[in-house]
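Residue strings, one per chain:
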Amino acid sequence: MKKLSFYCFTLILLASCNSTKHVAEDQHMLTQNYIYVDSVRNKSSDLQKYILQKPNPRLLDLPLGLYFHNFGNHDKAKTPSEWAKQNPRSYNFIKNIFSEKQSIAYANSFIGLNNWFLSYQGPVIISDKKVENTANNLWAFYKTQGYFKSKVESKINRYNDKKATVEYHITKGKPTILDTIKLKIESTVLDSIYKKASSPSLLKTGNQYNDKTFRNEASRVVKLFRNNGVYHFTESALGFYVDSTRADYKTNVDFIISGSRLVEKSGNYVSTPFKVFKIKNVNVITDYSFTKKGEPLLDSISYNGINFLAHHKIKYNPKYLSQSIFLKPTEIYKDTLRNLTRNHLKSLKNFKSTNIKFSSVANSDNELNMDVFLSPIEKYTLGLETELTHSNIREIGTSAKFSITNRNAFRGAELLKLSFLGSYFNSTNGPGWEIGVDASLEIPRFVAPFGLSKLVPKEMSPRTLFSVGSSFQKNIGLDRQTFTFLSDYRWQFNSKKTIQLEIFNTQYIQNLNVSSYFRIYSSEYTNLKTVASIHPTQTLPENKPENSTAIIKFMNSVSTDTNFKASNPEEYNTTLNILNRYNIITSDFLVPTLAYSFTYNSQVNFNDNNFSFFKIRVANSGNILGLISNTINANGKKTFASIPLAQYFKTDIEYKQFWDVGANSVFGFRTFLGAIIPYDNSDIPFTKSYFAGGSNDIRAWQTYELGPGATNSGLEFNVGSFKFLTSAEYRFPVFSKLKGALFLDAGNIWDISRSEFVNTDAKFNRLSSLKDIAIGSGIGARLDFSFLILRFDVGFKTYEPYLSGKKWFKNYNFTDAVYNIGINYPF
């Protein structure tokens, strides 16, 4: 690995010596831009976007894309015939041995390789014109901030090695302050609406001039009028008049709102006063398509004043579809209700497109017809998802999910979905597989008794989900089989906040291969062998599934041997710990969960890199059934229908923040805090416990490898009941679709169950346990294909809390690093 790194470094070094290979003698390659604002260097991303020429992207301060480009040659042949002239011996050699077809293919391979090198960005050549235009852009930007007398000077530093840097020196000057603000509304109708509005103007005397404030004020006024029925009102009716010539750096503002618009009539434009419009007719075409345009509408139903129409038969129940129409006849037009109608109809997931059109009513100057054109998606659709999987538990494998969806299953825009899933892979215990089936029904409204469905208004897009499913695993742990039933209520409080309520989220977990416990958890058997080697009377059977009962008998005998406890307390406690873990992991569980989740996400769209995310989930398992049942099993655990009942409170809190730092780079931060507190002598199911490590966790450790606390148990699967995780990652472009990343992960898991069997070093003891936080750092590469991201991260163990001596950088090397392969970003 060290030799490979040395060779890579040498290759890059040799390439860097010739980074100006394709730069002509009279040209210079841009290597850096410097911006100085009032003599102080400014690295703000707000200014970077106005620079028209930027240096080649760099990774670890090296322009790798440029180095690849320089491997190519612009003068090499572009066609096989040209390549044959430049390389006659090679071309004829292949031609004589094989055929001319093979020689052409041979030539095309070299041409393609050369073109591939040249496809990477070449050197950015300094352009005097672009430097001048950049200076003009910066001047224009500061003018929008109120610095009307700012100055921008540019300077190009050309060096003898064909490289150059550019400096932009900005002198802002004094900002212009808003003085007297006068508002003139040329319509009594508009004036009445404006005076009744509670929202104050954004333009205030004494504030610094800013173009953005004026744009926001214009947007506020347009929204105000259009949400009060003035359908035809636009920004063209607004005028801001600013005097920027005053010598005292102040300006008066005249804000004029026109009272009319120009309408073309018989070839002439006529001034028409703004009026408040009402909705007269609402028509919903439920099976619209462009190919049916002009065809007669053969079916119609009127419900609550809304006309539902179809070219054939109306397949949607008007009672439910009308709940997505928020503009009703006789009501005043509002933009917000128009947008709410469109978004609500889209959220039904039943229509390819939703088009809403308004037209004037004949012989009326203040009424509108509203036509809603809905293009349905095919009733039945098939889905197929495939994925390659890899982890420290599962070696390379594949999984697939096949689904069939029935839209509008019961004429209320419901989604009925049946899914089949399967996976196959190689694990440390040999080939393994999993199969499962799931049926779900999503209803676009609340389904609840006692009028509870009215608690959440339909404007919040309430959803009800019922789901039932089962899965079966083979050679994954103890060959677990699960049965799940879920009823889930979700609604959108606003565009950023989502609330979810899980009712009767019940899961039955059954282990089918308990006899293989010590074969799978071989480290437990190894520890028992140590105990058996010093026990005077007990003998440990061979580690075979058929000896499982005998091994359990061995542990029970040791745990009741008071003489052995007195003479060998450490080995005695080891046996008790193994027996306790065995009882927890091999136990079947019934997990009836009630949960509440709140999510805040300020991301506007997929391309938004400046946003925050917060989610909290509070859950309880077994509370209601625990009150009903009084049955206790042999291990002292409460059961329901003879199945051990999982009883715990669980809280998960996650926060993420992302910043766009310019040059297509993003800095992200993530932190997670979770805790599980069991009660009524219950154990925590293995599947509900926390683990640390993995490609989406602390990447310097493999899944289940780290923790709990300062322990280094050597067990195959380490879990805890308390978890802290935080990560910071810097993502940046390298070249083409390749992106790089530098990351730092920190965290661990601990035990807070107060179990007597847990090692002291694994317990969380207030702030003193923070010293047990493990730290990993590393680098990553990502291939961004837009629809998915292939990720490769290398995590190095930076701080290992379980080491007895040196904890920092002891195993910080490629040999002990963890290599993670993942799909999409880790957070």
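Per chain, residues are indexed from 1 in the order of the written sequence. Where local features are concerned, this predicted model is filtered to residues with pLDDT of at least 70; where side-chain atom pairs are given and counted, the filter is 80 or more; whole-chain, interface and lining totals use all residues. Side-chain metrics in this entry use all non-hydrogen atoms of the structure; hydrogen atoms and water are not considered.

> Just to check I follow, could you spell out the overall build of the protein chain for this structure?
Segments assigned H or I by DSSP are reported as helices when at least four residues long, segments assigned E as strands when at least two residues long, and all are numbered from the N terminus. Looking only at helices and strands, the protein chain has 17 helices and 33 strands in total. Seen along its three principal axes, the alpha-carbon backbone of the protein chain occupies a region of about 110 × 80 × 70 Å. Burial classification: accessible surface area is computed with a 1.4 Å probe over protein chains only, and a residue below 20% of its type maximum counts as buried, one above 50% as exposed, and the rest as partly exposed. Within the protein chain, the proportion of its 827 residues that are buried is 44%. Residues count as neighbours in contact if any of their non-hydrogen atoms are within 4.5 Å of one another. Contacts spanning at least 24 positions in sequence make up 62% of the contacts within the protein chain whose residues lie at least 6 apart. Note on areas: these come from Shrake-Rupley sampling with a 1.4 Å probe, and a residue is covered only by the protein chains present in the view. Put simply, the protein chain shows about 44,100 Å² of open surface, and 55% of that area lies on carbon and sulfur atoms. When charges are counted, Lys and Arg contribute as positive and Asp and Glu as negative, whereas His and the chain ends are disregarded. Lys charges are placed at NZ, Arg charges at CZ, Asp charges at CG and Glu charges at CD. Where the 99 positive side-chain charges of the protein chain centre and where its 69 negative ones centre are 4 Å apart.

> Just to check I follow, could you spell out the environment of Phe611 for this structure?
Mapped onto the elements of the fold, Phe611 is located in strand E23 (residues 611-621). In contact with Phe611, not counting residues within four places along its chain, are Asn601, Ser602, Gln603, Lys656, Gln657 and Phe658.

> Even after reading the chapter, I still don't get the environment of Ile435, so can you show me in this structure?
With respect to the element layout, Ile435 can be found in strand E18 (residues 430-443). Through-space distance from the C-alpha of Ile435 to that of Pro644 is 25 Å; in sequence the pair is 209 residues apart. Those residues in contact with Ile435, other than ones at most four positions away along the chain, are Leu421, Gly422, Ser470, Ser471 and Phe472.

> How should the sheet that holds strand E10 (residues 278-285) be read in this particular structure?
Whenever strands of a sheet pair, they do so through backbone hydrogen bonds, lying parallel or antiparallel. Overall, mixed pairing links the 5 strands, which are arranged E11-E12-E10-E14-E13 in an open sheet. Across the chains shown, the open sheet's two edge strands, defined by having one partner strand only, are strand E11 (299-303) and strand E13 (351-360). Ignoring strand direction, the axes of neighbouring strands in this sheet form an average angle of 20°. For E10 and strand E12 (residues 306-310), the ladder comprises 4 bridges, and the chain directions are parallel. Of the residues in E12, the one forming a bridge with Val284 is Phe308. Simply put, an axis is a line fit to the C-alpha atoms, just over the touching stretch for a helix, and the angle between two N-to-C directions goes from 0 to 180 degrees. Set on the sheet, helix H11 (residues 335-347) makes contact with E13 and strand E14 (367-376); between it and E13 the angle comes to about 155°. Between any two strands, pairing holds if DSSP finds at least two bridges.

> Before we go on, may I ask you to explain the pairing of strand E3 (residues 151-158) in this structure?
The two faces of the sheet receive side chains in turn, since in a regular strand these alternate between them. Where E3 lies against strand E4 (residues 163-171), 8 bridges are found, and the strand directions are antiparallel. Bridge pairing in E4 places Glu153 opposite His169. In this structure, the hairpin formed by E3 and E4 is closed by a connection of 4 residues, where Lys162 is found at a positive phi of approximately 70°.

> In this structure, what is going on with H11? I would like to understand it.
It helps to recall that an α-helix has 3.6 residues per turn; residues three or four apart then point in one direction. Its 13 residues place the ends of H11 18 Å apart at the C-alpha level, agreeing with the 18 Å of an ideal helix rising 1.5 Å per residue. Among the residues of H11, those classed as buried are Asp335, Arg338, Thr341, His344, Leu345 and Ser347. Packing partners of the buried residues in H11 comprise helix H9 (211-226), helix H10 (318-321), E13, E14 and strand E19 (463-474). Phi turns positive, to about 60°, at Lys349, one or two residues after H11. To estimate how far a helix should extend, the number of its residues minus one is multiplied by 1.5 Å.

> Could you clarify how one ought to interpret the pattern of salt bridges in this entry?
Side-chain pairing between opposite charges can occur once the charged atoms of the two side chains come close. The rule for a salt bridge is simple: a side-chain nitrogen of Lys or Arg has to be within 4 Å of a carboxyl oxygen of Asp or Glu. Taken as a whole and assessed by the stated rule, the structure comprises 27 salt bridges. With its nearest N and O atoms 3.6 Å apart, the salt bridge here joins Glu442 to Lys349. Here Glu442 is found in strand E18, whereas its partner Lys349 is found in the loop between H11 and E13, with 93 residues between them in sequence. Residue Lys349 is classed as partly exposed on the basis of its relative accessible area of 40%. A salt bridge links Glu542 to Lys544; its shortest N-O distance comes to 3.7 Å. One network of salt bridges, in which partners are shared, links Arg699, Glu729, Arg731, Asp745, Arg782, Arg791 and Asp793.

> Can you help me understand the nonpolar core in this one?
Across soluble globular proteins, nonpolar side chains have a tendency to be buried as a group. Tyr517, Phe518, Leu528, Leu540, Phe554 and Met555 are the most contacted members of the largest nonpolar core, which totals 25 residues. Examining the composition of this core, we find that 6 residues originate from one element, helix H16 (residues 569-586), more than from any other. Residues within four places of Leu528 in sequence aside, it is in contact with Phe518, Leu540, Ile551, Phe554, Met555, Thr575 and Ile578. Residues Ile306, Leu321, Met370 and Ala413 belong to the second largest nonpolar core, which totals 24 residues. Residue types Ala, Val, Leu, Ile, Met, Phe, Trp, Tyr and Cys, when buried and joined through side-chain atoms within 4.5 Å, form a set referred to as a nonpolar core.

> Explain the packing of aromatic side chains to me, please; I cannot follow it from the model alone.
Geometry of an aromatic ring pair is reported as the spacing of the ring centres plus the angle between the planes. Paired rings are identified among Phe, Tyr and Trp, the last through its six-membered ring, by centres lying within 6.5 Å, and are further divided according to the angle between planes into stacked (under 30 degrees), edge-to-face (over 60) and tilted (the rest). Taken as a whole, this structure holds 53 aromatic pairs when the rule is applied. Ring plane angle 35° and centroid distance 5.4 Å describe the contact between Phe68 and Tyr120, whose orientation is recorded as tilted. Of this pair, Phe68 sits in helix H3 (residues 64-71) while Tyr120 sits in the loop between helix H6 (100-118) and helix H7 (128-144); the two residues are 52 residues apart in sequence, bridging distant segments of the chain. A relative accessible area of 28% means that Phe68 is categorised as partly exposed. Since its relative accessible area comes to 11%, Tyr120 is described here as buried. Consider the rings of Trp808 and Phe809, whose centres lie 6.0 Å apart with planes at 35°: the pair is tilted. By relative accessible area, which is 46% here, Phe809 ends up partly exposed. Through successive ring pairs, a cluster of aromatic residues spans Tyr517, Phe518, Tyr521, Tyr582, Phe686, Phe691, Tyr704 and Phe717. Over a ring means this: the NZ of a Lys or the CZ of an Arg is within 6 Å of the ring centre and within 35 degrees of the ring normal. Sitting over the face of the ring of Tyr380, Lys379 holds its NZ or CZ atom 5.6 Å from the ring centroid. The residue whose ring lies beneath Lys723 is Phe691, and the NZ or CZ to ring-centre distance is 5.4 Å.

> So what exactly am I meant to see when it comes to the packing of helix H13 (residues 522-534) against helix H14 (residues 548-559) here?
Any two packed helices are characterised by the angle at which their axes cross and by the distance between the axes. Closest axis-to-axis distance for the H13/H14 pair is 12 Å, and the angle between their directions is 50°. Compared by their axis directions, H13 and H14 come out oblique. Regarding H13 and H14, the two cross each other, and that crossing is left-handed. Two secondary-structure elements touch here, H13 through Tyr525, Leu528, Val531 and Ala532 and H14 through Ile551, Phe554, Met555 and Val558. Split by residue class, the contact of H13 with H14 holds 8 nonpolar, no polar and no charged. Working definition: roughly parallel below 35 degrees, roughly antiparallel above 145 degrees, roughly perpendicular at 65 to 115 degrees, and oblique for all remaining angles. Left-handed is the label given to a crossing in which the near helix is rotated counterclockwise from the far helix by less than a right angle, and right-handed is the label when the rotation is clockwise. Three categories are distinguished: nonpolar for Ala, Val, Leu, Ile, Met, Phe, Trp, Tyr, Cys and Pro, charged for Asp, Glu, Lys and Arg, and polar for the others, with Gly belonging to the last.

> I tried to follow the sheet that holds strand E25 (residues 638-640) on my own but got confused; where do I start?
The antiparallel open sheet is built from 3 strands, whose spatial order is E24-E25-E26. Each edge of the sheet is formed by a strand with only one pairing partner; in this case those strands are strand E24 (631-632) and strand E26 (643-644). Where E24 lies against E25, 2 bridges are found, and the strand directions are antiparallel. Across the sheet, Thr631 pairs through a bridge with Thr639, a residue of E25.

> Mind showing me how you'd approach the pairing of strand E27 (residues 648-662) here?
Judged from the 11 bridges that link them, E23 and E27 form a sheet pairing that is antiparallel. Bridging across to E27, Phe614 finds its partner in Tyr655. Across 14 bridges, the pairing between E27 and strand E28 (residues 665-678) is antiparallel. Its bridge partner lying in E28, Lys650 is registered against Ile676.

> What's the story with a nonpolar patch on the surface in this structure? I'm lost.
Where nonpolar side chains cluster on the molecular surface, the patch consists of Tyr380, Leu382, Leu384, Phe402, Ile404, Leu418, Phe420 and Val437 and spans about 760 Å² of accessible area. Those elements that place two or more of their residues in the nonpolar patch are strand E15 (380-389), strand E16 (394-407) and strand E17 (415-427). Note that Leu384 resides in strand E15. Each patch is built from salt-bridge-free residues with over 30% relative accessible area, joining like charges within 9 Å and nonpolar side chains (Val, Leu, Ile, Met, Phe, Trp, Tyr) within 5 Å.

> For this particular structure, what's the right way to read H13?
Taken residue by residue, H13 has Ser523, Glu524, Tyr525, Leu528, Val531 and Ala532 as its buried positions. Structurally, H13 contributes buried residues whose contacts are with helix H12 (517-520), H14, helix H15 (562-567) and H16.

> What should I look at first to understand the environment of Gly397 in this one?
Relative to the helices and strands, Gly397 resides in strand E16. Taking relative accessible area as the criterion, Gly397 reaches 8% and is therefore assigned buried.

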